[in-house]
Amino acid sequence: MPQKVYVTYNQVHKLCQASADKILNTIQPNLMIAIGGGGYVPARILRSFLKRAGEPNIPIQAIGLSLYEDLGRGDPEEVPGTKVTRTQWLDLSALEMANLIGKNILIVDEVDDTRTTLEYAVRELQKDLEAAQKQLGREGETTNFFVFVLHNKNKPKKGLLPEKMMESGHYLAALTTDDVWICYPWEAKDIDEHDKLARENPLV
Ligand code: 5GP
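Within every chain, residues take consecutive numbers counted from 1 along the sequence as written. In keeping with the model being predicted, local features are shown solely for residues with a pLDDT of at least 70 and side-chain atom pairs are shown and tallied solely at 80 or more, while totals for entire chains, interfaces and linings include all residues. To get the side-chain values, all heavy atoms of the structure are used, and hydrogens and water are removed first.

What to know about the pairing of strand β5 (residues 104-112)
The condition that has to hold: Accessible area is worked out with a 1.4 Å probe on protein chains only. A residue is then buried under 20% of its type maximum, exposed over 50%, and partly exposed in between. Counting from the N terminus, the helices are the DSSP runs of H or I reaching at least four residues and the strands are the DSSP runs of E reaching at least two. Pairing between strands is defined by DSSP: at least two bridges between them are needed. Handedness is read with the strands pointing away from the viewer; a crossover is right-handed when the path from the first strand over the helix to the second is clockwise.
Of all 9 residues that make up β5, 9 are buried, and the element is covered over most of its length. Direction of pairing for strand β2 (residues 31-36) relative to β5: parallel, over a ladder of 4 bridges. Note on β5: the bridge partner recorded for A34 is V108. Where β5 lies against strand β6 (residues 144-153), 8 bridges are found, and the strand directions are parallel. Paired with D112 across the two strands is N152, which belongs to β6. Read from β5 through helix α4 (residues 116-135) to β6, the crossover connection turns out right-handed.

Here you go:
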């Protein structure tokens, strides 16, 4: 079983802050797609740092993907599944998809572990976008996908992201970590205990 480490809200906030300038300078996203549930809080924090004076907030859309299933044996977070299940997806109507075409889309998740989830998200979003562009006769427009995660575990990955994405800085991790199990504050039942454990078992 991997070692457990604890991350606080404060640390998550600062990881988003530390990456925001880079994201603003290079990616300039028009839209975020948060992978739920772990991507929701980072996406929301990031949005505050990406806000430019006089411009509207960047919209956040949500998708739900589940890889680690609760098999009823307790500790559901430590039972890796092999298959990604969609629990929520984009509204694929032409009207909604039109909003995504030609944009810089930043996909946000909390952690890149085996990369299975991110591979699925990027592949399927790209596929749906291409289909929508074709349907709407807007094939000529370039839609760019980017990925942001708080933590990337330094380990062999099962999932693959497009080479172009990895080489061109379209993939950004705030922190690269060892192969540990990261406990996030939004999973905590007792946040004071969580913060105490974070002081005792920090992610270094
Ligand atoms: P992957 O598809 O990269 O193996 O895993 C992605 C998902 O698995 C994450 O979005 C997250 O929900 C879960 N996961 C993987 N590693 C961790 C971890 O260290 N801590 C927590 N809390 N969730 C994890």
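Topic: the site of the ligand
Quick reminder of the rule: Consider each residue's heavy atoms; a residue with any of them within 4 Å of a molecule or strand counts as near. Two N or O atoms count as a polar contact when they lie within 3.5 Å, although within protein this holds only if one can serve as hydrogen donor and the other as acceptor, and sequence-adjacent residues are included solely when both atoms are side-chain atoms. For the area figures, the Shrake-Rupley method with a 1.4 Å probe applies, and any residue is considered shielded solely by the protein chains shown. Residue classes follow a fixed rule: Ala, Val, Leu, Ile, Met, Phe, Trp, Tyr, Cys and Pro count as nonpolar, while Asp, Glu, Lys and Arg count as charged, and any other residue, Gly among them, counts as polar.
Taken together, 17 residues lie around the ligand, and T114, T117, K153, I182 and E187 are the ones closest in. Here an oxygen atom of the ligand and a side-chain polar atom of D109 are 3.1 Å apart. In the model, an oxygen atom of the ligand is placed 2.7 Å from a nitrogen or oxygen of the K153 side chain. Its free accessible area being 500 Å², the ligand has 90% of it covered by the protein chains. For the shell around the ligand, the elements supplying multiple residues, two or more each, are β3 (60-68), β5, α4 and β8 (181-183). The dominant element in the shell around the ligand, judged by the number of residues it contributes, is β5, at 4 residues. Residues of the shell around the ligand, tallied by class, amount to 7 nonpolar, 3 polar and 7 charged.

Remarks on the pattern of salt bridges
Stated precisely, the cut-off is as follows: Any carboxyl oxygen of Asp or Glu that lies within 4 Å of a side-chain nitrogen of Lys or Arg is treated as forming a salt bridge with it.
Following the criterion strictly, the structure yields 11 salt bridges and no others. Two residues, D113 and K153, come together in a salt bridge whose shortest N-O distance is 3.6 Å. Placement of D113 in the loop between β5 and α4 and of K153 in strand β6 is noted, with a sequence separation of 40 residues between them. Like D113, the residue K153 is buried in the burial classification. The residue E141 makes a salt bridge to R138 at a minimum N-O spacing of 2.7 Å. Residue classification places R138 among the partly exposed residues on the basis of a relative accessible area of 26%. The network of salt bridges with common partners includes R86, E119, R123, E124 and K127.

Side note on the UniProt feature "coiled-coil region" (unreviewed entry) in the chain
Condition: UniProt positions are given in the numbering used here, feature names are shortened, and annotations may be inferred rather than shown by experiment.
Cross-referencing UniProt, the feature "coiled-coil region" (unreviewed entry) maps to residues 115-142 in the present numbering. Each end of residues 115-142 is marked by a C-alpha atom, and these two atoms are 25 Å apart; helix forms 71% of the span and strand 0%.

A word on the pairing of β6
Counting buried positions along β6 gives 9 out of 10 residues, so the element sits mostly inside the fold. Pairing analysis gives 6 bridges linking β6 to strand β7 (residues 171-177), with the strands arranged parallel. Directly across from K153, in β7, lies its bridge partner T177.

Observations regarding the side chain of H170
The criterion, for reference: Any two residues whose heavy atoms approach within 4.5 Å are treated as being in contact.
Here H170 lies in the loop between α5 (163-167) and β7. Judged by its relative accessible area of 16%, H170 is buried. Sequence-distant contacts of H170, that is, excluding residues within four places in its chain, are made with N144, F145, F146, V147 and M165.

Some words on the environment of G36
For G36, the location among the structural elements is in strand β2. The class for G36 is buried, based on a relative accessible area of 14%. Distance in space between the C-alpha atoms of G36 and Q88 is 8.5 Å, their sequence separation being 52 residues. Setting aside residues no more than four positions away along its own chain, G36 makes contact with I63, G64 and L65.

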